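Here is what each chain is made of, one letter per residue.
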Amino acid sequence: MTTSTALLLADLAGVAVFAASGASAAVAKRLDLFGVVFVGFVAALGGGIVRDLVIDEVPPLAFADWRYATTAAVTAASVFWLHPQLARLRTAVLVLDAAGLGLFTVTGTLKALDVQVPPVGACLIGMLTAIGGGLGRDLLTGEIPVVLRREIYAVASLIGSIVVALLAALGQTGPIPLTAAVLLVFGIRLVALRRRWSAPVATLRPPGAGMGGPPPQW
Amino acid sequence: MTTSTALLLADLAGVAVFAASGASAAVAKRLDLFGVVFVGFVAALGGGIVRDLVIDEVPPLAFADWRYATTAAVTAASVFWLHPQLARLRTAVLVLDAAGLGLFTVTGTLKALDVQVPPVGACLIGMLTAIGGGLGRDLLTGEIPVVLRREIYAVASLIGSIVVALLAALGQTGPIPLTAAVLLVFGIRLVALRRRWSAPVATLRPPGAGMGGPPPQW
Amino acid sequence: MTTSTALLLADLAGVAVFAASGASAAVAKRLDLFGVVFVGFVAALGGGIVRDLVIDEVPPLAFADWRYATTAAVTAASVFWLHPQLARLRTAVLVLDAAGLGLFTVTGTLKALDVQVPPVGACLIGMLTAIGGGLGRDLLTGEIPVVLRREIYAVASLIGSIVVALLAALGQTGPIPLTAAVLLVFGIRLVALRRRWSAPVATLRPPGAGMGGPPPQW
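Along each chain, the written sequence defines residue order, and numbers are assigned to residues from 1. Both sets of labels track the order of writing: A upward for chains, 1 upward for ligands. At least 70 in pLDDT is required for a residue's local features to be given in this predicted model, at least 80 for side-chain atom pairs to be given and counted, and no such filter applies to totals for whole chains, interfaces and linings, which use all residues.

### A word on the overall build of chain A
Elements are defined by DSSP. Helices are runs of H or I of four residues or more, strands are runs of E of two residues or more, and each kind is numbered from the N terminus. In terms of regular secondary structure, chain A is built from 9 helices and 0 strands. In sequence order, chain A lays out its α and β elements as α-α-α-α-α-α-α-α-α.

Below, the structure is given as structure tokens:
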């Protein structure tokens, strides 16, 4: 199997899991069939469309290759018709999302490096490929994007993209190191979910509660 | 009249009706003059800007040809100053929107086919050209996009874009079949509005309410 | 100092002030460290990314030149750790925003003119460069964009971009006239904030309250 075939299969697998993730979120929001397919499409292909626009691969793969849109639409419609019971949706969304995060981080970073984007930019593009679909999904369903509220989501992707950039610099872009990078992102995200890791939040002291201010009322 | 002149006129007509649609929505939201013009601009030109970025026609027509921005701005400002009474706004928005939907579906699909995008991608681009402005309008005004809640909106556009792709495959892209495609989308959308057609929504049974579960409380 | 060096420095200064503006808004919203850096990144670089996509400078500078992303990230993280007391944040956000508005309007318009975009389009691109980051910041944090509610924000940018287009037509694009254009936008915005200038809002009479309608109930 050539590298480009492997990239295609990994990409389509990522499309399917992100479409399922987006469709599950849309089903939970009670959107109709078209809304479920559309949110699935955006969640699956939105990040890749942004990536392709930024690296000037036009028309983006999502439009140039019918297998992408078809994979997203069929997966999302399947979730609509076959979705499991409500109580199970939340966990499924989170695990599928973590898998897609890893897959898209690695393929996005590689594609940017392939067209000679410098490493810092390629890492950012890899991260945006991975989190862009989720941003779109959350904006469309009226949520403040989850990525802004759970640090370890995008940071897991950023770590993965840096690992890919380092592997590429070392010439190690075979299937095994890249699969390890996917699993690294997936693992970090799952552990973060499990242990409820979260990022620091800036402390905003109430006016007057700082040094030298009046004592709080009691 | 050449095909490109006909496309230009159809495009500017679509720009005007979408700008009026966006401006009417912004007036109803009590936005100020700039807000009304800006939402009109996004509703009118947002879908086309996305289309041009995706097919690599840069700078997009909205920036390359001053007639587009001027048409959108003048129409939106006219709606601001001359808008009819509140009670009539809702119907006007919906009918203008249906007309713009038909026009932009057809011109968007044709332009994508013209630059050799494959049929499946061209249909998606045609649909995004038509619904993109409305998505932007709804996101800017803090609404969950109407397209996610009323299936027959985007589906009407998708049907129209498939018809255009079929007509193009048969070499029938003269004014008469294309006008018929515009009217088809317009008609489907109006009938859907009139008859309140809507898409299926996934049933989410409450836990325990399925077969074999305990009977509901009464 | 060459023109391109001056443009780079002005651009990086704009990136820093917009990143600080975005990060301050995110701190006030209680987002976590990653959220603060990400909103700072979008506020600082979102407008420029849109500009570069529209004028086909790909990959956009934000990805091609590591100094942009680094400036945005370091500034936003600094605001996170060093942010002043809550009561001072609001004013700081508004003044920094006005400075970034002026800088980005001028650099955005110039770049569009440099690649032969016609004047009307270049003015729109200059304005979008300046207001695009703020739009992204507000959409990400769940606000209706401030630009739609305060007319003198984007209009100040539009005036500045028209001045830049006129200066360019006259061949006056040296540091002094361009700095004057930056200060013009900055000044208009600050005066508008100070005097609470606002745009007209369309009057929506309640049904029946117009001429000839029944008298209001009492």
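Moving on, there is more to tell.
### Remarks on the environment of Val54 of chain B
Examined against the element boundaries, Val54 of chain B turns out to sit in helix α2 (residues 33-54). Taking the C-alpha atoms as reference, Val54 of chain B lies 10.0 Å from Val117 of chain B; in sequence the two are 63 residues apart. Residue pairs are scored as contacts if the distance between their C-beta atoms, which are placed from the backbone, is within 7 Å. What Val54 of chain B contacts, discounting residues up to four positions off in sequence, is Val58, Pro59, Pro60 and Phe63 of chain A together with Ile125 of chain B.

### A closer look at the confidence of the model for chain A
All names here are of chain A. By definition, pLDDT measures how confident the predictor is in each residue, and it falls between 0 and 100. Residues with a pLDDT of 70 or more make up 84% of chain A, whose mean pLDDT is 83. Overall, residues 205-218 carries pLDDT values under 50, and its contacts beyond four positions in sequence, including any with other chains, amount to 9 contacts. Among the scores for the predicted complex, ipTM is 0.78 and pTM is 0.83.

### Some thoughts on the nonpolar core
A general feature of soluble globular proteins is that nonpolar side chains tend to end up buried together. Here a nonpolar core is just a set of buried residues of the types Ala, Val, Leu, Ile, Met, Phe, Trp, Tyr and Cys, joined wherever their C-beta atoms sit within 7 Å. Three exposure classes are used, all based on how many other C-beta atoms lie within 10 Å of a residue's own C-beta (placed from the backbone): buried at 20 or more, exposed at 12 or fewer, and partly exposed between those limits. In terms of nonpolar packing, the biggest core is built from 231 residues, with Ala19 and Val39 of chain A, Ala19 and Val39 of chain B together with Ala19 and Val39 of chain C touching the most fellow members. Not counting the four nearest positions on each side in its chain, Ala19 of chain B is found in contact with Gly40, Phe41, Ala43, Ala44, Ala72, Thr75 and Ala76 of chain B.

### Some words on the packing of α2 of chain B against helix α4 (residues 66-82) of chain B
Residue and element names in this part refer to chain B. Between N-to-C directions, angles cover 0 to 180 degrees, with each direction set by a line fitted to C-alpha atoms, over the stretch in contact for helices. The geometry of α2 relative to α4 is characterised by a closest axis approach of 8 Å and an angle of 135° between their N-to-C directions. What the angle tells us is that α2 and α4 run oblique. Handedness of the α2/α4 crossing: right-handed. Taken together, the residues of α4 that come into contact with α2 (itself represented by Leu33, Val36, Val37, Gly40, Phe41, Ala44 and Leu45) are Tyr68, Ala69, Ala72, Ala73, Thr75, Ala76, Ala77 and Phe80. Any angle that is under 35 degrees is reported as roughly parallel, and any over 145 degrees as roughly antiparallel; angles of 65 to 115 degrees are reported as roughly perpendicular and all others as oblique. Helix crossings are classified by the rotation of the near helix relative to the far one: an anticlockwise turn of less than a right angle makes the crossing left-handed, while a clockwise turn makes it right-handed.

### Some details on helix α6 (residues 119-140) of chain B
A helix is expected to span 1.5 Å for every residue after the first. If you check α6 of chain B, its first and last C-alpha atoms are 31 Å apart, about what 22 residues at 1.5 Å a residue would give, namely 32 Å. Phi turns positive, to about 75°, at Gly142 of chain B, one or two residues after α6 of chain B.

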